[in-house]
Amino acid sequence: MRITTERLTLHAWSEEFFDDLFALAQLPETVRYVGTGEPWSREYTLAKHQATLAHWAEHGFGWFAVSAAPGSFDGVVSLVRRSAAESGLGWPAVEMGWWIAPSGWGRGYATEATAAVRDRVFASGWADRLLAVYEPVNKPSARVVEKLGFTPHSRFVLDGRVEQRAVLDRPR
């Protein structure tokens, strides 16, 4: 599966993206607002990669690799089905996240890629509700959430970090 935008191609996750994911997950500036904020180990990255492949196999959707040019790896847009308990909302949702490589920062790639995935989620019936979880101090991600039309839902503290949940329902 592939999604194309004016400047980007988003590829369904596959085996070929592991090394690129691991490289991206080693950059302190990329992971500072993800999980513990520390670069991912090879083992942790492999577990995430394998879980993503399994998610695709089970649900027919999941992570997308972002490419700004043929053969490039410029980031990830993730989709993960969450149960009512996992979502923290009290109802199921599909969580959307994103990482754009620093070389693509400031170019609007995050908004362009996530808007395209959001539109595919709703058009394909993969979910009726999207969830975004981000740190409000991460101003670029907060702007993406706002541009996509998410509504703030709740804040919580995880490992000493303030996190914000925001939701977006399928347009009627």
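Right, let's walk through the structure included here. What you see is a predicted model; the values in this text were computed from it and never measured. (Residues numbered from 1 in each chain as written. Predicted model: local features only at pLDDT ≥ 70, side-chain atom pairs only at ≥ 80, totals over all residues. Heavy atoms only, no water.)

### Some thoughts on a positive patch on the surface
Part 1 of the argument: Where like charges cluster on the molecular surface, the positive patch consists of Lys139, Arg143, Lys147 and Arg155.
Part 2 of the argument: Top element by residues in the positive patch is helix α6 (residues 139-148). It accounts for three residues.
Part 3 of the argument: Mapped onto the elements of the fold, Arg155 is located in strand β7 (residues 151-158). (Patch = residues over 30% accessible without salt bridge, like charges linked within 9 Å, V, L, I, M, F, W, Y side chains within 5 Å. Areas by Shrake-Rupley, 256 points an atom, 1.4 Å probe, with all protein chains shown as cover. Salt bridge = Lys/Arg side-chain N within 4 Å of Asp/Glu carboxyl O. Lys, Arg positive; Asp, Glu negative; His and termini not counted. Charge placed at Lys NZ, Arg CZ, Asp CG, Glu CD. Helix = DSSP H or I, 4+ residues; strand = E, 2+ residues; numbered from the N terminus.)

### Let's talk about α6
Part 1 of the argument: All of the buried residues in α6 are Ser141, Val144, Val145 and Leu148. Along the axis of α6, the buried positions cluster into a sector of 100°, meaning they face one direction only. Opposite the buried face of α6, at more than 90 degrees from it, the exposed residues are Lys139, Glu146 and Lys147.
Part 2 of the argument: Looking at the buried positions of α6, the neighbouring elements they touch are β5 (93-100), α5 (109-124), β6 (129-134) and β8 (161-169). (Buried < 20%, exposed > 50% of the residue type's maximum accessible area, 1.4 Å probe, protein only. Arc of directions from axis to C-beta. Contact = heavy atoms within 4.5 Å.)

### Thoughts on the pattern of salt bridges
Pairing between side chains of opposite charge can happen when their charged atoms approach one another.
Part 1 of the argument: In total, this model carries seven salt bridges according to the counting rule given.
Part 2 of the argument: Its salt-bridge partner being Arg82, residue Glu95 comes within 2.8 Å of it at the nearest N-O pair. Placement of the pair is Glu95 in strand β5 and Arg82 in strand β4 (residues 75-82), with a sequence separation of 13 residues.

### Observations regarding the side chain of Thr45
Part 1 of the argument: In this fold, Thr45 is placed in helix α3 (residues 42-59).
Part 2 of the argument: A distance of 2.8 Å separates a polar atom in the side chain of Thr45 from the backbone oxygen of Ser41.
Part 3 of the argument: Setting aside chain neighbours within four positions, we find Thr45 in contact with Phe18, Leu21, Phe22, Ala25 and Trp40. (Polar contact = N/O pair within 3.5 Å; in protein donor to acceptor, adjacent residues only side chain to side chain.)

### Some remarks on the packing of aromatic side chains
Part 1 of the argument: Tallied over the entire structure, the rule returns nine aromatic pairs.
Part 2 of the argument: Judged by centre distance (6.2 Å) and plane angle (70°), the rings of Trp13 and Phe73 are edge-to-face. One end of the pair, Trp13, is in the loop between β2 (9-12) and α1 (18-24); the other, Phe73, is in the loop between β3 (64-67) and β4, with 60 residues separating them in the sequence. No difference in accessibility class separates Trp13 from Phe73, as the two residues are buried.
Part 3 of the argument: Cation over ring: Arg42 sits above Phe22, and NZ or CZ is 5.0 Å from the ring centre. (Phe/Tyr/Trp six-rings, centres within 6.5 Å; stacked < 30°, edge-to-face > 60°. Lys NZ or Arg CZ within 6 Å of the ring centre and 35° of its normal.)

### Points about the environment of Asp119
Part 1 of the argument: By secondary structure assignment, the location of Asp119 is in helix α5.
Part 2 of the argument: For Asp119, a relative accessible area of 42% translates into the label partly exposed.
Part 3 of the argument: For Asp119, the side chain forms a polar contact with the side chain of Arg118, separated by 2.8 Å.

### A few points about the nonpolar core
Part 1 of the argument: Within the largest apolar cluster, 47 residues are counted, with the highest numbers of intra-cluster contacts made by Leu10, Trp13, Leu79, Val117 and Leu130.
Part 2 of the argument: When residues of this core are assigned to their parent elements, the largest contribution, eight residues, is made by α5.
Part 3 of the argument: Apart from residues no more than four positions distant in its own chain, Trp13 is found in contact with Leu21, His49, Thr52, Leu53, Trp56, Trp63, Phe64, Ala65, Phe73 and Val76. (Core = buried A, V, L, I, M, F, W, Y, C linked by side-chain atoms within 4.5 Å.)

### A look at the sheet that holds β8
Strands belonging to one sheet form pairs held by backbone hydrogen bonds; the direction of such a pair is parallel or antiparallel.
Part 1 of the argument: The eight strands lie next to each other as β1-β2-β3-β4-β5-β6-β8-β7, forming an open sheet whose pairing is mixed. The sheet terminates laterally at β1 (2-4) and β7, the two strands that pair on one side only. Ignoring strand direction, the axes of neighbouring strands in this sheet form an average angle of 25°.
Part 2 of the argument: Of the strands in this sheet, β2, β3 and β4 are in contact with α3, which crosses β4 at around 55°. (Pairing = 2+ DSSP bridges. Axes fitted to C-alpha atoms, helices over the stretch in contact; angles between N-to-C directions.)

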